[in-house]
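Residue strings, one per chain:
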Amino acid sequence: DAGVIQSPRHEVTEMGQEVTLRCKPISGHNSLFWYRQTMMRGLELLIYFNNNVPIDDSGMPEDRFSAKMPNASFSTLKIQPSEPRDSAVYFCASSFIAGSLSFYGYTFGSGTRLTVV
Amino acid sequence: DQQVKQNSPSLSVQEGRISILNCDYTNSMFDYFLWYKKYPAEGPTFLISISSIKDKNEDGRFTVFLNKSAKHLSLHIVPSQPGDSAVYFCAALYNSGNTPLVFGKGTRLSVIA
């Protein structure tokens, strides 16, 4: 398995532009997570999906952020319009969640480094 | 408010010595704890974990200790090697997977040869 695949690896965009980050989870995993890493806040959870359904998006900073998971093999995180304070590394992770007493860990992608100028 | 706290942003240790990374948590519902290791330009990778029913878990050079009464865990690396230089994240969850991982801010470990 190629692991969790994120694209692009790097994105530089101008303030006000739309940015779309992409993620392909590991086949067979039923949960997908978007995290953002910054110096100030470390790794913070933005949103997660279980069986393609958004379960908790309380970490999404504002309405400019949206995420979708149209099928089990693809998810997007969109920022529109982007702002300089959105500059960070965005990670996607996937896992197989089978309920209580079953935790198999998360596999992270390599991340997308976003710079908004 | 941060539920998982790593109060030391960085740590430097000489090769061959012990590295001790600390983590505190505030949510008493957490029942599973993990350490992840992250190299530059890569995603975090799982290192070691411990269930709340245990107080120690060992895997080779890595040992995690859990003190539930103090809501504290630590990662010991013995002996430390230059390849251990990375950012280490402490993470926790409860209900054994039905809630997402909560991470600390990370501690950057530098092992000096």
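Here the structure is a predicted model, which means the values were calculated and not measured.

The rules behind the values
- Residues numbered from 1 in each chain as written.
- Chains lettered and ligands numbered in written order.
- Predicted model: local features only at pLDDT ≥ 70, side-chain atom pairs only at ≥ 80, totals over all residues.
- Heavy atoms only, no water.
- Core = buried A, V, L, I, M, F, W, Y, C linked by side-chain atoms within 4.5 Å.
- Buried < 20%, exposed > 50% of the residue type's maximum accessible area, 1.4 Å probe, protein only.
- Helix = DSSP H or I, 4+ residues; strand = E, 2+ residues; numbered from the N terminus.
- Contact = heavy atoms within 4.5 Å.
- Pairing = 2+ DSSP bridges.
- Axes fitted to C-alpha atoms, helices over the stretch in contact; angles between N-to-C directions.
- Disulfide = S-S within 2.5 Å.
- Phe/Tyr/Trp six-rings, centres within 6.5 Å; stacked < 30°, edge-to-face > 60°.

(A) Seen up close, the nonpolar core. Residues B:F33, B:W35, B:L73, B:L75 and B:Y88 are the most contacted members of the largest nonpolar core, which totals 23 residues. At the level of secondary structure, the elements contributing two or more residues to this core comprise β3 (19–25), β4 (32–38), β5 (45–51), β7 (62–67), β8 (72–77), β9 (86–93) and β11 (107–112) of chain B. If near-sequence neighbours (up to four positions away) are discounted, B:F33 is found in contact with B:Y25, B:I48, B:S49, B:I50, B:S52, B:L66, B:L73, B:A91 and B:A92. Listed in part, the 21 residues of the second largest apolar core include A:L21, A:L46, A:I47 and A:F65.

(B) Main features of the sheet that holds strand β7 (residues 65–71) of chain A. Residue and element names in this part refer to chain A. Reading across from one edge, β1-β3-β8-β7 is the order of the four strands in this open sheet, with antiparallel pairing throughout. At either end of the open sheet lies a strand with only one pairing partner, and these are β1 (5–7) and β7. Pairs of neighbouring strands in the sheet enclose a mean axial angle of 15 degrees, with direction left out of account. Across five bridges, β7 lies against strand β8 (residues 74–79) in antiparallel orientation. Residue pairing in the sheet places A67 in a bridge with L77 of β8.

(C) Focus on the state of the cysteines. According to the stated counting rule, one finds two disulfides over all chains in the structure shown. Residue A:C23 pairs covalently with A:C92 via a disulfide, S to S 1.9 Å. Its torsion about the S-S bond being -65 degrees, the disulfide of A:C23 and A:C92 is classed as left-handed. Here A:C92 lies in strand β9 (residues 88–95) and A:C23 lies in strand β3 (residues 19–24), a separation of 69 residues in the sequence. Judged by relative accessible area, A:C92 falls into the buried class, the value being 0%. The partner cysteine of B:C23 in its disulfide is B:C90, sulfur to sulfur 2.0 Å. Taking the torsion about the S-S bond as the criterion, the B:C23 to B:C90 disulfide, at about -75 degrees, is left-handed. Linking B:C23 in strand β3 with B:C90 in strand β9, this pair joins segments that are 67 residues apart in sequence.

(D) Local environment of the packing of aromatic side chains. For the coordinates displayed, the defined rule picks out 15 aromatic pairs over all chains. With 5.3 Å between their ring centres and 90 degrees between their planes, A:Y35 and B:F103 make a pair best called edge-to-face. One end of the pair, A:Y35, is in strand β4 (residues 31–38); the other, B:F103, is in strand β10 (residues 102–103), on a second chain. Overall, A:Y35 belongs to the buried group, its relative accessible area being 0%. We classify B:F103 as buried; its relative accessible area is 3%.

(E) Structural context of the environment of A:S110. One can find A:S110 in the loop between β10 (107–108) and β11 (112–116). Sequence-distant contacts of A:S110, defined by excluding residues within four places in its chain, comprise A:Q6, A:R9, A:F91, B:A41, B:E42 and B:G43.

(F) Quick peek at the sheet that holds β3(B). Residues and elements named next belong to chain B. A sheet is described by the order of its strands in space; here five strands give the open sequence β1-β3-β8-β7-β6, paired in antiparallel fashion. Two strands lie at the open edges of the sheet, namely β1 (4–5) and β6 (56–59), each paired on one side alone. The sheet contact formed by β1 and β3 spans two bridges and is antiparallel. Bridged to V4 within β3 is Y25.

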